[in-house]
Amino acid sequence: MMNTTQGFEFFKNLISRQFCYYRKNLSDLEQKAYDRIREGFLSYSVKISVFGVTVAQIQNIFEVIKQDNPWLFYVETAEYQYTPALKTGYIIPKYRFNKIDVNATLLALINKCSFLAAIIKNKSDLEKEIEIHDYICKNVRYDYDFAASSFECVGPLLFGKGVCEGISKATKLLLDLADIDSLLVNGKSTQQHNLSTAKSDLHAWNIIKINGRYYHLDVTFDLTIQAFNTVRYDYFNLSDREINFDHVIFSTHIPQCPSSYNYYGMRRLFIQTQSIYRKFLQQSVKQKQKDIIFKLPHSDDVNATKNKIMNITSEVLCGSFLFPSQYQLVSNDSQSVFHLHLS
């Protein structure tokens, strides 16, 4: 007979080491309420008493708990019965599933996540981040049907599909288990839109702490722009300046990300001049690479940059006997990243 609390117990133990950034921004009294409510959720309580906080504070605390604890997929909403004169009341959670089913799903999450965590256990934090990023990019697809599970970590991790909110929660859960600090960020996407005329989409991503510094990590964008079965890193460890090229941040009191730890820079795929690109492309063709991805400095004249890249690419490929002349060149204009696919 299955233990109906084993999954809950695992996450009770996890909270002592997971990074709860938004909890730190609360007052001492609010933190006590936060802990009491989260403990009630983990105990599958039907009623949770709280003291000394207002209705508005409780509403904020509930949202903060969901942001910090991505495994709380099973808590749909929570009502609050409040006595203003005493500043006391009760949280009445609305759970999506019964306790047995929740426990079974928590155990399935543990098995899935622990397998990956064990593989990357002895790697550096940066190596762990790359492994987690790549795992999601290779095993999750964006859910354009918007199933309810896709907004939670269970969608990407157990069903292989999710939307930005669920993918960000799944990323945070994996990072928590890898002992890497991260948090969810809410905002909107402006990619492929004219800022002055278009209605942009609500969006969620992560901020991650690597080697003592914070960076933006948007696995959803990397997942959705990849082509030809090639993982992309356009949104891997970006600075505030870089993420703001096509994102708008709504979350407040979040860590600043003043510097970049861009993947393409780390891998010497950041090309700064036309002559360097020519030599880089010639060498890549000589090595028989079929997917060549590189990043350029940010330009205010994207079309002029693309024309120069197209001209150099045509010249180099037409002068090479190693590949046929057919190729596709796709670009992420806002981040100045290009993917050249040779066929």
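Every residue gets a number counted from 1 within its own chain, in the order that chain's sequence is written. Restriction of local features to residues with pLDDT of at least 70 applies here, the model being predicted, together with a cutoff of 80 or more for giving and counting side-chain atom pairs; totals for whole chains, interfaces and linings are based on all residues. Side-chain metrics rest on all non-hydrogen atoms present in the structure, leaving aside hydrogens and water.

(A) Looking closely at the confidence of the model for the protein. Within the protein, residue pLDDT values average 92, and 95% of them lie at 70 or more. Here residues 193-200 is modelled with pLDDT under 50, and outside its nearest four sequence neighbours on either side it reaches eight contacts, counting other chains as well. You can read pLDDT as the predictor saying how much it trusts each residue, on a scale of 0 to 100. Contacts are assigned to residue pairs with any non-hydrogen atoms lying within 4.5 Å of each other.

(B) Seen up close, the side chain of Gln-18. Secondary structure is summarised from DSSP: a helix means a run of H or I of at least four residues, a strand means a run of E of at least two, and numbering begins at the N terminus for each. One can find Gln-18 in the loop between α1 (6-14) and α2 (21-24). The class for Gln-18 is buried, based on a relative accessible area of 7%. At 3.1 Å, the side chain of Gln-18 and the side chain of Trp-71 are in polar contact. Accessible area is worked out with a 1.4 Å probe on protein chains only. A residue is then buried under 20% of its type maximum, exposed over 50%, and partly exposed in between. We call two N or O atoms a polar contact when they sit within 3.5 Å, provided that within protein one can donate a hydrogen and the other can accept it, with sequence-adjacent residues counted only if both atoms are side-chain atoms.

(C) Just the sheet that holds strand β11 (residues 291-295), in detail. Sheet architecture is open: three strands sit in the order β11-β13-β12, paired in antiparallel fashion. Single-partner strands in this sheet number two, and they are β11 and β12 (327-332). Between one strand axis and the next, the sheet turns by 15° as a mean value, whatever way the strands run. With five bridges connecting them, β11 and strand β13 (residues 337-342) associate as antiparallel partners. Residue pairing for β13: Asp-291 is matched across the bridge by His-341. At least two DSSP bridges between two strands are needed for those strands to be called paired. Only the contacting stretch of a helix is used when fitting its axis, a line to C-alpha atoms as for every element, and angles between N-to-C directions run 0 to 180 degrees.

(D) Fine view of the packing of aromatic side chains. Each pair of aromatic rings taken from Phe, Tyr and Trp, with Trp reduced to its six-membered ring, is defined by centres within 6.5 Å and is described as stacked if the planes are under 30 degrees apart, edge-to-face if over 60, and tilted in the remaining cases. According to the stated counting rule, one finds 24 aromatic pairs in the structure shown. For the pair Phe-41 and Phe-62, a centre-to-centre distance of 6.2 Å together with 85° between the ring planes defines the contact as edge-to-face. In this pair, Phe-41 is assigned in helix α3 (residues 28-42) and Phe-62 in helix α4 (residues 55-68), connecting sequence segments 21 residues apart. We note that Phe-41, like Phe-62, is buried. Measuring from ring centre to ring centre gives 5.5 Å for Phe-73 and Tyr-74, while their planes differ by 80°; the resulting arrangement is edge-to-face. Like Phe-73, the residue Tyr-74 is buried in the burial classification. Taken together, the ring pairs connect Phe-8, Tyr-44, Phe-73, Tyr-74, Tyr-95 and Phe-97 into an aromatic cluster. Between the NZ or CZ atom of Lys-47 and the centre of the ring of Tyr-90, over which it lies, the distance is 4.8 Å. The aromatic ring of Phe-8 is capped on one face by Lys-99, whose charged end is 5.9 Å from the ring centroid. Throughout this description, the term charge over a ring refers to an Arg CZ or Lys NZ atom that lies within 6 Å of the ring centre and within 35 degrees of the ring normal.

(E) Representation of helix α12 (residues 274-286). How far a helix is expected to stretch is found by multiplying one less than its residue total by 1.5 Å. For α12, which comprises 13 residues, the first-to-last C-alpha distance of 18 Å matches the rise-based estimate of 18 Å (1.5 Å per residue) to within 8%. Residues of α12 that are buried sit in contact with β11, α13 (302-318) and β13. Phi for Lys-288, located one or two positions after α12, is positive at around 65°.

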